[in-house]
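# Breakdown of the fold
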Amino acid sequence: MPWRVGPQARRAGDTPDPYRIWLSEVMLQQTTVAAVKDYFHRFTMRWPTVTALAAAADEDVMAAWAGLGYYARARNLLKCARVVVADHGGQFPTTRDGLLGLPGIGPYTAAAIAAIAYDLPETVVDGNVERVMARLHDLHLPLPTAKPELIEFARRLTPRQRPGDYAQAVMDLGATICTPKSPACGICPWRAPCAARSEGTAQQLPKKLPKKPKPIRLGIAYVGRRTDGAFLLQRRPDKGLLGGMLGWPGSEWAEIPPQESPPVAADWRDLGAEARHTFTHFHLRLAVRVAVIPPEAQPDVGAFIPHDRFRPSDLPTVMRKAFDLARASFEYES
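None of the values given here were measured: they were computed from a predicted structure.

## Structural notes on the packing of aromatic side chains
Under the defined criterion, the tally for this structure stands at 15 aromatic pairs. Residues Trp22 and Phe92 carry aromatic rings whose centres are separated by 5.2 Å and whose planes lie at 50° to one another, so their mutual orientation is tilted. Residue Trp22 is located in helix H2 (residues 18-28), and its partner Phe92 is located in the loop between helix H6 (72-88) and helix H7 (96-100); the two are separated by 70 residues in the primary sequence. Comparing Trp22 with Phe92 shows no difference in burial state: the two are buried.

Below is the structure:
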């Protein structure tokens, strides 16, 4: 992984960069390593230090984050970078408590940075570690109720020597061997002390409380293009879902059918198709309306983005799905 420094490199004096560890941990929240790698490369090429990131324009960072999801992370990323530069001279705090004082850094991320970047004996528990601990101790208490016990199990095992290597090793154990389905118990280095392997219960663990069904919310997205090629886009409020991101003007998202609320007078046409997307707590179905907007039109919301400055890749995923449905209506070429 591009943010890691291996044991041999550590022994040779190559220490992990806390900026890269922090960036990777924020990106990896609710996201897979496979999805994060390319984003990480692009971010570190464009903003190689926390000072460079702190000086970046908000809209550039939000655009670079587009498609990675959970956009509050990107807003907190900028806040944190700016606090590190303004209050800490561009250096990340070197303790877990100090890291917890930064915007967007919670107990897990603080422990991960402290252990991996500074080799402090902090207890690092992500979903992979929870699974390893539940199986190692054959704990059948379901998540999230079991979290405190699993953290305590992990704390007891955290060594004072090379805790950074250990933290990464246990996460890797869960990601590659002690996997959710069909764990490779035969090659696991902890197969002997693993209580769940002895009891034959490994594949049942960790247990989880039943999930509540996600509600469905409905909305409308208005994808409009002026006759000169400019698209009508609106930047969403900083707070809330997709905060600070560019998107298509539209209705509120609710569990009842929305009322029409076009952003500008035009001949809006219903595509008869929906952009569907799943967020953490609900499924969203956006009906898509399209229109060619006359040059003299004055929109009630949003602003026109010239064709040469419009990049679909800068849109969050659900807005890009709406555009993909609408683009044929405009004979759009990137």
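## So, helix H11 (residues 163-176)
With 14 residues, H11 extends 20 Å between its outermost C-alpha atoms, agreeing within 8% with the 20 Å of an ideal straight helix rising 1.5 Å per residue. Summarising burial for H11: 10 of the 14 residues are buried, a large majority. Along H11, the residues that are buried comprise Pro163, Gly164, Asp165, Tyr166, Ala167, Gln168, Val170, Met171, Leu173 and Gly174. Structurally, H11 contributes buried residues whose contacts are with helix H1 (7-11), helix H8 (107-118), helix H9 (127-136) and helix H10 (147-157).

## Overview of the packing of H9 against H11
Where H9 contacts H11, the axes come no closer than 8 Å and their chain directions differ by 75°. Comparing the axis directions of H9 and H11 gives the class roughly perpendicular. Of H11, the residues touching H9 (which contributes Asn128, Val129, Arg131, Val132 and Met133) are Tyr166, Val170, Met171, Leu173, Gly174 and Ala175. A breakdown of the residues in the contact of H9 with H11 according to their chemical character gives eight nonpolar, two polar and one charged.

Here is what the cut-offs are and how they apply
Residues numbered from 1 in each chain as written. Predicted model: local features only at pLDDT ≥ 70, side-chain atom pairs only at ≥ 80, totals over all residues. Heavy atoms only, no water. Phe/Tyr/Trp six-rings, centres within 6.5 Å; stacked < 30°, edge-to-face > 60°. Helix = DSSP H or I, 4+ residues; strand = E, 2+ residues; numbered from the N terminus. Buried < 20%, exposed > 50% of the residue type's maximum accessible area, 1.4 Å probe, protein only. Expected span 1.5 Å × (residues − 1). Contact = heavy atoms within 4.5 Å. Axes fitted to C-alpha atoms, helices over the stretch in contact; angles between N-to-C directions. Parallel < 35°, antiparallel > 145°, perpendicular 65-115°, else oblique. Nonpolar A, V, L, I, M, F, W, Y, C, P; charged D, E, K, R; others polar.

Read these as geometric descriptors, not functional statements.
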